[in-house]
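Commentary on secondary and tertiary structure
The lines below spell out each chain.
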Amino acid sequence: MNELATRDVDAPTLDVAAIREEFPILARQVHGRPLVYLDNAATSQTPRRVIAAFDDYYGRYNANIHRGLHTLADEATAAFEGSRETVRGFLNAADSREIIFTRGTTEAINLVANAWGRANLKAGDEVLISRLEHHSNIVPWQLLASELGFVIKVIPVDERGVLDMAAYRELFSERTRLVAVNHISNAFGTVNPVKEMAAIAHAQGALILVDGAQATPHQPVDVRDIDADFYAFSGHKVYGPTGVGVLYGRAVLLQAMPPWQGGGEMIRTVSFEDGSTFAEIPHKFEAGTPAIAEVIALGEALRWVSGVGLDAIGAWEHRLLVHATAAVSRIDGLRILGTAPGKAGVLSFVVDGAHAQDIGLLIDQLGVAIRTGHHCAQPLLAQFGVDATCRASFAAYNTLDEIDVFAEALTRVIGMVR
Ligand code: PLP
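Below is a summary of the structure that appears in this document. It should be emphasised that the depicted structure is a prediction, and the values quoted were computed from it without experimental measurement.

**Regarding the site of the ligand**
- Within the structure, the ligand sits among Gly104, Thr105, Thr106, His134, Ser136, Asn186, Asp211, Ala213, Gln214, Ser234, His236 and Lys237.
- Threonine 105 places a polar main-chain atom, nitrogen or oxygen, 3.4 Å from an oxygen atom of the ligand.
- With respect to the ligand, the side chain of histidine 236 contributes an N or O atom lying 2.7 Å from an oxygen atom.
- Coverage of the ligand by the protein amounts to 86% of the 400 Å² it exposes when considered alone.
- The site holding the ligand turns out to be the largest pocket.

And the structure:
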C-alpha cells in the first residue's frame, strides 16, 4: 500500500460520469446486474465515436486504398493515411513512414523477428528477454532461435515482479544483439524502466524492442524520449478495435530490413524475368489489403484517448488501484502477485482454497468481468509457483463504486467456493 501510494497523482481529474456516457456497452446488464468490466488489460471497451467510424466508413466511403483514382478510394486513402499521422503524433515518432500497421502487437513482434531477426541474427548471437514478457514477446524469438541457433537469455525479476537491473547489465556480452521487453507487464502491472534499458542496450551496441501493448492505454508514450528502436501496440487495448495494431520502427532500421510478407501493395515492380523490387517504407511492410476501417477507427480511438489525456487517465487508474488493493487486502487468504512500486492499474491475486477459474466463473454471475488464467505469461507465473491468477484491470471509465461492487462480489464468491 505504501509503495503504491508513492506514485504522484497530482494530475488533472477525469469526468468519469461523462466518459461512461460515451461507452454504450457500459449500460448493459450481465446476468441481471449492471456490468462491472474489469478485464481492460485483455481488451478495453470502445467509445461511440470509434464505433461510429465503422458506420461512416462502410456507409459512405468503403473502397480499397492507394490504388484507386475514384473519389471513394481517395477518401479512404486520406482517412487511412490520416490515422498513420495520428499514430505518429501519439507516439511522438519523427516520421509517419516509421508507423507500420499490423494486426496487433503479436504481428508487430513477429514482423521484427522475421524481417529484422532473420537478417541480423545468427548462431551464437544473444537476445535478452525479460521474465515478465507476454508469450507474444517470447515465442516468436524461440521459433526463430530454433532455426537460427541464437541464444535467448532471460532478465530475472524479483519477488515484487520488478526487473533485476543489475542482472540485466550483467547479461550483456559482445554477442548481444537485441533486448525485447514490455513497457508494462500485463500480468503484474510492473512499469519497466525502458528508457534506462534502452540506454544500456545502446551503450552495448544492441537494439531494443519495446512491447507497449499495456503502456499505450495508461500513460503518454514518446518513442524518441525512450529511444526505442521498435515499439509495438494493439488497437483493442487502447479503446480501439481488434484486428489492428502498430509497429513503430526507426526509419533507418526499417529501410534496411527485407520485407516479411509478400503480396500487393508492398512491391514497386514484379517480373518473372527480373524478380520483384519493393516499395518504400511503410508500404514495404504492409502487404495486401489492410484492415482499412480498423485503422481509421484506431485513429479515432487515439484522438479520443489523447483528448481525455493519458496523464489524467493514469492518475485515475492509480486511484482505482489503491482503492481496490485496500479492499481486497481485507480478504482472508488473498495474496497479491506483483507489488512493484508505481505499478499500473493491474491487480493480480490468488486466494487460498479457491481456484482462480471458479472465482472468475462465479463472479461473472454477479455481473463482474475479470480475467483468470496464466495471462499468456507462464514463465512469470511459474516463478511464483502458480499456474493461474485472478486479474482485475482498470480503465478510464471504471469507478470507485464499481471497485466496491467487485470487492463485495469477490468476498461472496470466495465464501461460496471455500
Ligand atoms: N503484449 C502484452 C504485454 C499484452 O498484454 C498482450 C495482450 O494481452 C500482447 C502483447 C498481445 O497483444 P495482441 O493479442 O493484441 O497481439
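**Here's the deal with the pairing of strand E7 (residues 176-182)**
- When you tally the buried positions in E7, you get six out of seven residues, the bulk of the element.
- Pairing of strand E5 (residues 126-130) with E7, which is carried by four bridges, proceeds in the parallel orientation. Pairing of valine 127 across the sheet is with leucine 178, part of E7.
- In this fold, E7 hands off to helix H8 (residues 194-203), which returns the chain to strand E8 (residues 207-211); that crossover is right-handed.

**Some points on the layout of surface pockets**
- For the largest pocket, the calculated volume is near 420 Å³.
- Taken together, 26 residues line the largest pocket, and the ones lying closest to its centre are Ala42, His134, His236, Lys237 and Cys376.
- Where the lining of the largest pocket is concerned, the elements lending two or more residues are helix H5 (105-120) and strand E16 (371-373).
- Across the lining of the largest pocket, the residue classes tally to five nonpolar, 15 polar and six charged.
- Inspection of the lining of the largest pocket shows a minimum of three residues originating in each of domain 1 (2-43 + 309-417) and domain 2 (51-306).

**Some words on unusual backbone geometry**
- Following isoleucine 281, the chain continues into proline 282 via a peptide bond in cis, with omega recorded as 5°.
- With respect to the helices, strands and loops of the structure, proline 282 is situated in the loop between strand E12 (275-278) and helix H11 (292-308).
- With a phi close to 70°, histidine 66 is a non-glycine residue in the positive phi region.
- Take histidine 66: it is sitting in the loop between helix H3 (48-60) and helix H4 (71-91).

**Things to note about the packing of aromatic side chains**
- Within this structure, the stated rule accounts for 12 aromatic pairs.
- Geometrically, the ring pair formed by phenylalanine 90 and phenylalanine 233 is tilted, given 5.9 Å between the ring centres and 45° between the ring planes. Taken together, the residues phenylalanine 90 in helix H4 and phenylalanine 233 in strand E9 (residues 230-234) connect sequence positions 143 residues apart.
- The exposure class assigned to phenylalanine 90 is buried, which follows from its relative accessible area of 11%.
- Assessed through its relative accessible area of 0%, phenylalanine 233 is described here as buried.
- Feature note: the residues Phe23, Tyr239, Trp304 and Tyr397 constitute an aromatic cluster, connected by ring pairs.

**What about the pattern of salt bridges?**
- Applying the stated criterion across every chain, the model contains 22 salt bridges.
- Note that aspartate 39 and arginine 371 form a salt bridge whose closest N and O atoms lie 2.8 Å from each other. Note that aspartate 39 is positioned in the loop between strand E3 (36-37) and H3 and arginine 371 in strand E16, a separation of 332 residues in sequence.
- Owing to a relative accessible area of 6%, aspartate 39 belongs among the buried residues under this scheme.
- Exposure remark for arginine 371: the relative accessible area of 38% places this residue in the partly exposed category.
- Of the charged contacts, one joins arginine 84 and glutamate 286 as a salt bridge, the two residues approaching to 2.8 Å between their closest N and O atoms. Here glutamate 286 lies in the loop between E12 and H11 and arginine 84 lies in helix H4, a separation of 202 residues in the sequence.

**Some words on the side chain of threonine 325**
- Along the chain, threonine 325 turns up in helix H12 (residues 310-329).
- Here leucine 321 takes part through its backbone oxygen, which lies 2.6 Å from a polar atom of the side chain of threonine 325.

**Things to note about the pairing of E8**
- With five of five residues buried, E8 lies mostly within the body of the structure.
- Residues Leu207, Leu209 and Asp211 of E8 are buried on one face, and the alternating residues Ile208 and Val210, pointing to the opposite face, are buried as well.
- Of the pairings in the sheet, the one linking E7 to E8 comprises five bridges and is parallel in character. Across the sheet, residue asparagine 182 finds its bridge partner in E8, namely aspartate 211.
- As paired elements, E8 and E9 share three bridges and run parallel to each other. Residue pairing in the sheet places aspartate 211 in a bridge with alanine 232 of E9.

**A word on H5**
- The end-to-end C-alpha distance of H5, which contains 16 residues, comes to 21 Å, matching closely the 22 Å that a straight helix rising 1.5 Å per residue would cover.
- With 12 of 16 residues buried, H5 is to be regarded as a mostly interior element.
- Along H5, the residues that are buried comprise Thr105, Glu107, Ala108, Ile109, Asn110, Leu111, Val112, Ala113, Asn114, Ala115, Trp116 and Gly117.
- Among the structural elements, strand E4 (99-102), helix H6 (139-148), E7, E8, E9 and strand E10 (245-249) are those in contact with the buried residues of H5.

**Observations concerning the nonpolar core**
- Within the largest apolar cluster, 105 residues are counted, with the highest numbers of intra-cluster contacts made by Leu91, Tyr168, Tyr231, Tyr239, Phe406 and Leu410.
- Here this core spans two domains, and each of domain 1 (2-43 + 309-417) and domain 2 (51-306) adds at least three residues to it.
- The contacts of phenylalanine 406, once residues within four sequence positions are left out, are Leu38, Val328, Leu347, Phe349, Ile363, Val368, Ile370 and Ala392.
- One finds Leu144, Phe230, Met257 and Ile281 within the second-largest nonpolar core, a separate group that totals 29 residues.

**Considering the sheet that holds strand E6 (residues 151-155)**
- Judged by pairing direction, the sheet is mixed, and its seven strands sit side by side in the order E4-E10-E9-E8-E7-E5-E6 without closing on themselves. Strand pairing shows two members of the sheet lacking a second neighbour, E4 and E6, which therefore form its edges. Strand-to-strand twist across the sheet, computed as the mean angle between neighbouring axes with direction ignored, equals 20°.
- As paired elements, E5 and E6 share five bridges and run parallel to each other. Within the sheet, the bridge partner assigned to leucine 128 lies in E6 and is lysine 153.
- Along the sheet, H5 contacts E4, E7, E8, E9 and E10; its crossing angle with E9, the most-contacted strand, is approximately 155°.

Reading the values: rules and limits
- Residues numbered from 1 in each chain as written.
- Predicted model: local features only at pLDDT ≥ 70, side-chain atom pairs only at ≥ 80, totals over all residues.
- Heavy atoms only, no water.
- Near = heavy atom within 4 Å.
- Polar contact = N/O pair within 3.5 Å; in protein donor to acceptor, adjacent residues only side chain to side chain.
- Areas by Shrake-Rupley, 256 points an atom, 1.4 Å probe, with all protein chains shown as cover.
- 1 Å grid on protein atoms, 1.4 Å probe; cavity = no way out; pocket = protein on both sides within 12 Å on 5 of 7 lines; lining within 4 Å.
- Sits in = over half its atoms within 2 Å of the grid points.
- Buried < 20%, exposed > 50% of the residue type's maximum accessible area, 1.4 Å probe, protein only.
- Helix = DSSP H or I, 4+ residues; strand = E, 2+ residues; numbered from the N terminus.
- Pairing = 2+ DSSP bridges.
- Right-handed = clockwise from strand over helix to strand, strands pointing away.
- Points joined across faces, edges and corners; volume = space filled by probe spheres on them.
- Nonpolar A, V, L, I, M, F, W, Y, C, P; charged D, E, K, R; others polar.
- Domains from an automatic or database assignment.
- Phe/Tyr/Trp six-rings, centres within 6.5 Å; stacked < 30°, edge-to-face > 60°.
- Salt bridge = Lys/Arg side-chain N within 4 Å of Asp/Glu carboxyl O.
- Expected span 1.5 Å × (residues − 1).
- Contact = heavy atoms within 4.5 Å.
- Core = buried A, V, L, I, M, F, W, Y, C linked by side-chain atoms within 4.5 Å.
- Axes fitted to C-alpha atoms, helices over the stretch in contact; angles between N-to-C directions.

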